[in-house]
Amino acid sequence: MNFLPVTREEMLSRGWEQPDFVFITGDSYVDHPSFGVSILSRVLEAKGYKVVILSQPNWKNDKDFMQFGKPRLGFLITSGNIDSMVSHYTAAKKRRSDDPYTAGNKSGKRPDRAVIVYSNIVRRIYPDSVIIIGGLEASLRRFAHYDYWDDEVRPSILIDSKADILSFGMGENQTIELAERLNNGEKPADMRDMRGICYAVSTTEYQQDDACICPSFEQVSTSKKEYALACKKQMQQQDAVRGKTIVQRHGDVMVVQNPPMPPLTTEELDWVYSLPYERMYHPMYEELGGVNGIKEVEFSVTHNRGCFGGCNFCSIAFHQGRAVTCRSEQSIIDEVKKLTENPRFKGYVHDVGGPTANFRLPSCEKQKKLGLCKDKKCLAPTPCPNLQVDHTEYLHMLRSIRELPKIKKVFIRSGIRFDYLIEDEDKEFFRELVQHHVSGQLKVAPEHCSAIVLDKMGKPHIETYKRFADEFYKITNQQGKKQYLVPYLMSSHPGSGLKEAIELALFLKKENLHPEQVQDFYPTPGTVSTCMFYTGVDPYTMKEVYVAKSAEDKAMQRALLQYFLPKNKALVIKALTKAGRTDLIGTGKNCLVTPVRQQINNKTININSRNKSNKRLKKSNMKKGKNGR
């Protein structure tokens, strides 16, 4: 095995007295291209740099942070594959007990706000060392942002972390450029022309005339309207073709985001994924039971990046970007062949996908020169007339994989964009998807059925999903299969009140859908939906949006989506009563729940019927002049 050094002893055994970079991560060390630390460390290794991995250091003392000494070029710091706060807390802000990115699946091996904690420790121990932060946690917090867990606006993570540079996005090319320029003797202050980075500079030192100026930290902290305006400006400039530099003042400091680094080309992606990954967690975790996070990806292949779907609740547009780029078919075939040589491989490729599995082309030809449209979506509420829909290349690739020796089945699990697929007039891919690539259930994401909510989500209206579902079951029946759609649904998204939640419950009843899991909207940094949640304003229209914020409101909406569960009955009745929809409480075919029944003297009494009878009796007595007595 050829993992990168994780201890000083391993570093010395390679003959290194000092590393070039110490890579600090809040995850256990997994050397697989689904993990950002693995990709960037292998990229640096391939460029000739000495990289060591400091995985989940104990932040309660300095010992772990000092074991490698001061690196020659700098520290690279990330919280890991996901945000540390999302890793630790549910949407209800309850502490999680498990952590799939930690050996033994045990939570608590990284601190809350890991990037800030790690970076401040390093700054204190090595005050003159270069600190570069990156990964999802840093990338999505590069501007002043609403923090759901503190329920307030926090400054850019650059301010709190005291880092020199923030690398946002996927990071390969800016990491290579940063390493080369540091190796050539440049200081962080010399690198402020680099794409794909953010930095902080004093207001007296900063000079740029054509930048996009955002409302300041002070403004967005006190005015929700200014926060919404800032969100809109930031989202508008996240395009590598037409994006401008963005500036946001924080007191006497300017936080500057340079335009995004262009996405990797096919040739560059092929190179990145050809590097010598071990495709497994470090063997030091074996006695702890390994790292669960590897299970879903060990025998999966990523063929693309970026997503022009642009859902408002998703952070991909702000992190990876909307421009889709892909690896070559040969690169994918070569990786699958490596999978078949793994002694643990049983013949099943778990996924050939990415952010959206069935995107292999840019959304349109125009975007190559002009970038993606500033305030328009490619698929919602209806597909853009310029959208190019073609599954030919993806289908050919899947066929090639299926024909390889030792391959029994190739699944697609990372998510089919059904609104894109249904626009393809050629049904050949659809037929082969149903025939070869579904494991009994196909997960898709309509998310809701209310047009009001779907518009705020940036999703197509439910009629598109119905068209897709009809076609799916038609093809499934033609092939004599028993396969089902599993729809992802979200409760309490901005725009959804009890009325819309009831609309969704009635849709589920009509379609005979019984979702096993329902996701509450989770306001995480870097999304338009989180802006709506905090401000109550749609940043694109500046119109008010209803937001469910109370625990009771959220609980009722969630219960309505699973109205059929006995444990939810009381909440469903409460929600229907509050919404004035008691007509849905009863035994009729359109009702969601039956009335609550109560045992009195060994007799079952229908409380709702009893109340109605009492009202009728009172009304009758009053007509008789008995005043109800």
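Once a new chain begins, its residue numbering starts again from 1 and follows that chain's sequence as written. Since the coordinates come from a predicted model, pLDDT governs what is reported: local features require at least 70, and pairs of side-chain atoms require 80 or more to be given and counted, while whole-chain, interface and lining totals use all residues. Side-chain calculation: all heavy atoms of the structure are included, whereas hydrogens and water are not.

Enquirer: Tell me about the overall build of the protein, and please be specific about residues and values.
Expert: Secondary structure is summarised from DSSP: a helix means a run of H or I of at least four residues, a strand means a run of E of at least two, and numbering begins at the N terminus for each. When its secondary structure is counted, the protein shows 24 helices and 24 strands. Note that the radius of gyration is over C-alpha atoms, with the globule rule given as 2.2 Å times the number of residues to the power 0.38. For the protein, whose C-alpha radius of gyration is 27 Å, the value lies close to the compact-globule estimate of 25 Å for 629 residues. Its C-alpha atoms give the protein principal-axis dimensions of about 100 × 60 × 55 Å. Counting all 629 residues of the protein, 55% fall into the buried class. Of the roughly 28000 Å² of accessible surface on the protein, 49% is carried by carbon and sulfur atoms. Positive charge is attributed to Lys and Arg, negative charge to Asp and Glu, and no charge count is given to His or to the chain ends. For charged residues, the charge sits on one atom: NZ in Lys, CZ in Arg, CG in Asp, CD in Glu. Mean positive and mean negative side-chain charge positions of the protein (92 and 74 charges, respectively) differ by 11 Å. Type-normalised accessible area, obtained with a 1.4 Å probe on protein chains alone, sets the label of each residue: buried when under 20%, exposed when over 50%, and partly exposed for intermediate values. The protein chains shown are the only cover counted for residues, whose accessible areas, like all others here, come from Shrake-Rupley with a 1.4 Å probe.

Enquirer: Account for the pairing of strand β4 (residues 74–78), naming residues and giving values.
Expert: Within β4, five of the five residues are buried, which leaves it mostly tucked inside the rest of the structure. On β4, burial covers both faces: G74, L76 and T78 on one face and F75 and I77 on the other are all buried. Two strands are said to pair when DSSP picks up at least two bridges between them. With three bridges joining them, β4 and strand β5 (residues 131–133) adopt parallel strand pairing. If you follow F75 over to β5, its bridge partner there is I131.

Enquirer: Now, about the pattern of salt bridges: what can you tell me, with residues and values included?
Expert: Within this document, salt bridges are pairs made up of a side-chain nitrogen of Lys or Arg and a carboxyl oxygen of Asp or Glu, the two lying within 4 Å of each other. Enumeration over the complete set of coordinates arrives at 34 salt bridges. The residue R124 makes a salt bridge to D62 at a minimum N-O spacing of 2.8 Å. One end of the pair, R124, is in helix α5 (residues 114–125); the other, D62, is in the loop between β3 (51–55) and α3 (63–66), and 62 residues separate them in sequence. Classification of D62 by relative accessible area gives partly exposed; the value is 25%. We note a salt bridge from R360 to E393, for which the minimum N-O separation is 2.6 Å.

Enquirer: Tell me about the environment of I53, residues and numbers included.
Expert: Turning to its location among the elements, I53 is positioned in strand β3. Residue class for I53 comes out buried when judged on its relative accessible area of 0%. Spatially, the C-alpha atoms of I53 and S41 are 8.2 Å apart, while their sequence positions differ by 12 residues. Whether two residues are in contact is decided by their heavy atoms: any pair within 4.5 Å suffices. Residues within four places of I53 in sequence aside, it is in contact with L4, P5, V6, F23, T25, Y29, V37, S41 and F68.

Enquirer: Account for the packing of aromatic side chains, with residues named and values stated.
Expert: For any pair of aromatic rings, the description consists of the separation of the ring centres together with the inter-plane angle of the planes. Pairing of aromatic rings covers Phe, Tyr and Trp, the last counted by its six-membered ring, and requires centre-to-centre distances within 6.5 Å; plane angles under 30 degrees mean stacked, over 60 mean edge-to-face, and any other angle means tilted. Going through the model one piece at a time under the given rule, you end up with 26 aromatic pairs. Consider the rings of Y146 and F533, whose centres lie 6.1 Å apart with planes at 45°: the pair is tilted. Of this pair, Y146 sits in strand β6 (residues 145–147) while F533 sits in helix α21 (residues 528–535), and the two are 387 residues apart along the sequence. Here the two residues Y146 and F533 agree in accessibility, since each one is buried. Put simply, the rings of Y146, Y148, W149, Y227, F521, Y522, F533 and Y534 touch in pairs and so form one group of aromatic residues. Its end group placed over the ring of Y534, K224 keeps NZ or CZ at 5.0 Å from the ring centre. Remark: a charge is flagged as sitting over a ring if the NZ atom of Lys or the CZ atom of Arg is within 6 Å of the ring centre and within 35 degrees of the ring normal.

Enquirer: So what's going on with unusual backbone geometry? Which residues, and what values?
Expert: Each neighbour pair has its own omega, and for A380 with P381 the value is -5°, a cis peptide bond. Position of P381 relative to the elements: it lies in the loop between α14 (367–370) and α15 (392–402). Backbone geometry at K162 places phi at a positive 65°, although glycine is not the residue there. In this structure, K162 sits in the loop between α7 (157–161) and β8 (165–167). Under the relative-accessibility criterion, K162 is labelled partly exposed at 46%.

Enquirer: For the confidence of the model for the protein, give the residues involved together with the corresponding values.
Expert: Scored by pLDDT, the protein comes out at a mean of 93, with 95% of its residues at no less than 70. A low-confidence stretch, residues 598–605 (pLDDT under 50), is modelled with 11 contacts involving residues beyond four sequence positions or located in other chains. Values of pLDDT, ranging from 0 to 100, describe the predictor's confidence in every residue of the model. The model gives residues 607–629 a pLDDT under 50, and that stretch makes 12 contacts with residues more than four places away or in other chains.

Enquirer: Before we move on, could you go through the sheet that holds strand β9 (residues 197–202) and cite the residues and values that matter?
Expert: Taken together, nine strands build an open sheet; the order of strands is β3-β1-β4-β5-β8-β9-β12-β11-β10 and the sheet is mixed. If you trace the sheet from one side to the other, it starts and ends with β3 and β10 (212–213), each paired once. Orientation is described by axes fitted as lines to C-alpha atoms, over the contacting stretch for helices, and by angles from 0 to 180 degrees between their N-to-C directions. Against the sheet, helix α10 (residues 224–236) makes contact with β10 and β11 (246–250), and its axis sits at roughly 145° relative to β11, the strand it touches most.

Enquirer: Hey, could you go over the nonpolar core for me, with residue numbers and the actual values?
Expert: Nonpolar core, defined: a set of buried Ala, Val, Leu, Ile, Met, Phe, Trp, Tyr and Cys residues in which side-chain atoms within 4.5 Å join the residues together. Core analysis: the largest hydrophobic core is formed by 98 residues, its most contacted members being F430, L433, L442, F468, L560 and L576. Ranked by residues supplied to this core, first place goes to helix α20 (residues 498–510) with seven residues. Apart from residues no more than four positions distant in its own chain, F430 is found in contact with L421, I422, F468, E471, F472 and I475. Counting residues in hydrophobic clusters, the runner-up holds 40 residues, among them F21, L40, A211 and V247.

Enquirer: How would you sum up the sheet that holds strand β20 (residues 441–447)? Please name residues and give values.
Expert: Ordered by their spatial adjacency, three strands build an open sheet running β20-β21-β22, and the pairing between neighbours is parallel. Only two strands of the sheet have a single neighbouring strand rather than two, namely β20 and β22 (519–520). One ladder, built from two bridges, connects strand β21 (residues 484–491) with β22; its direction is parallel. Following the sheet pairing, S491 is matched in β22 by D520.

Enquirer: Summarise the side chain of S119; cite the residues concerned and give the values.
Expert: Here S119 is to be found in helix α5. Among the polar contacts listed, one links the side chain of S119 to the backbone oxygen of S161, at a separation of 2.8 Å. Ignoring anything within four residues of it in the chain, the contact list for S119 reads I77, I131, I133, S161, K162 and A163. Any N or O atom pair separated by 3.5 Å or less is treated as a polar contact, with the protein-specific requirement of one donor-capable and one acceptor-capable atom, and with residues adjacent in sequence counted only for side-chain atom pairs.

Enquirer: How would you sum up the packing of helix α13 (residues 329–340) against α15? Please name residues and give values.
Expert: At their nearest, the axes of α13 and α15 sit 10 Å apart, and the two run at 25° to each other. With respect to α15, the axis of α13 lies roughly parallel. Two packed elements cross with a definite hand, and for α13 against α15 that hand is right-handed. Judged by residue contacts, E329, I332, I333 and V336 of α13 engage E393, H396, M397, S400 and I401 from α15. Here roughly perpendicular refers to angles of 65 to 115 degrees, roughly parallel to angles under 35, roughly antiparallel to angles over 145, and oblique to all remaining angles. We call a crossing left-handed when the near helix sits turned anticlockwise from the far one by less than a right angle, and right-handed when that turn is clockwise.

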